Amino acid sequence: MNPSIEPILQRYEGKGRAYLLPCLLDVQDVSGWLDEETCLAIGETLGVPLVQIHDVIQFYALLYDKPVGERIIRVCDDVPCYLAGSEAIAEALAQRLGLDPEHGGTTTDGKWTLEIHPCLGRCEQAPFLLIDDEEHGHVRPEQLEAWLEVGA
Ligand code: FES
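Residues numbered from 1 in each chain as written. Predicted model: local features only at pLDDT ≥ 70, side-chain atom pairs only at ≥ 80, totals over all residues.

Engineer: Even after reading the chapter, I still don't get the pairing of strand β3 (residues 112-117), so can you show me in this structure?
Structural biologist: Each regular strand carries side chains that alternate between the two faces of the sheet. Counting buried positions along β3 yields five of six residues, so the element is predominantly enclosed. Here strand β1 (residues 71-76) runs beside β3; their pairing, made up of six bridges, is parallel. Bridging across to β3, C76 finds its partner in H117. Here strand β2 (residues 105-106) pairs with β3 via two bridges, running antiparallel. Opposite G105, over in β3, you have L114 as the bridge partner. Hairpin connection of β2 to β3: five residues between the antiparallel strands, including G110 at a positive phi of 70°. (Buried ≥ 20, exposed ≤ 12 C-beta atoms within 10 Å, placed from the backbone. Helix = DSSP H or I, 4+ residues; strand = E, 2+ residues; numbered from the N terminus. Pairing = 2+ DSSP bridges.)

Below, the structure is given as structure tokens:
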């Protein structure tokens, strides 16, 4: 287990199930993803069964039980974004990163993860994507290279 999550676990000690989601998000911010050992430690900290932790991770799209890239690009492909050109955005990113445009994935160097998402809540900015927590609206394919270079 990543030792840098211990201070986070101490903050949540004994707080119970109501704090499960914020605890998972805080731990993942540090560890990048949630391995089994970390989930067990979170369960012991909060007094929550492991099965409930797995249920939350499966349900919540922004939690990961497998390794992901250092940076995560989430491209919305819901109807307003699709109509505004999200397919070309996803294809350009996938081609540049050597990934599948329909299902995304993680680059072999572990630098980038590409995810195709349903609505990200910024339909008025379609086509819309997130790079980690950075919001990018009205995206055009020619903007992508600069963002990938900054993260390289
Ligand atoms: S449809 Fe893309 S952000 Fe809502």
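Engineer: Sorry if this is basic, but what is going on with the nonpolar core here?
Structural biologist: One broad trend across soluble globular proteins is that nonpolar side chains are buried collectively. In this structure, V75, L93, F128 and L129 are the most contacted members of the largest nonpolar core, which totals 18 residues. Only β1, α6 (86-97) and β3 provide two or more residues apiece to this core. When residues in this core are grouped by element, the largest group, four residues, is from α6. Excluding anything up to four places from it in sequence, L129 contacts I73, R74, V75, C76, I89, H136 and V139. Grouped together as the second largest cluster of nonpolar side chains are 11 residues, I5, L20, C23 and I42 included. (Core = buried A, V, L, I, M, F, W, Y, C linked by C-beta atoms within 7 Å. Contact = placed C-beta atoms within 7 Å.)

Note that every value here comes from positions in space, so none of it alone points to a role or purpose.
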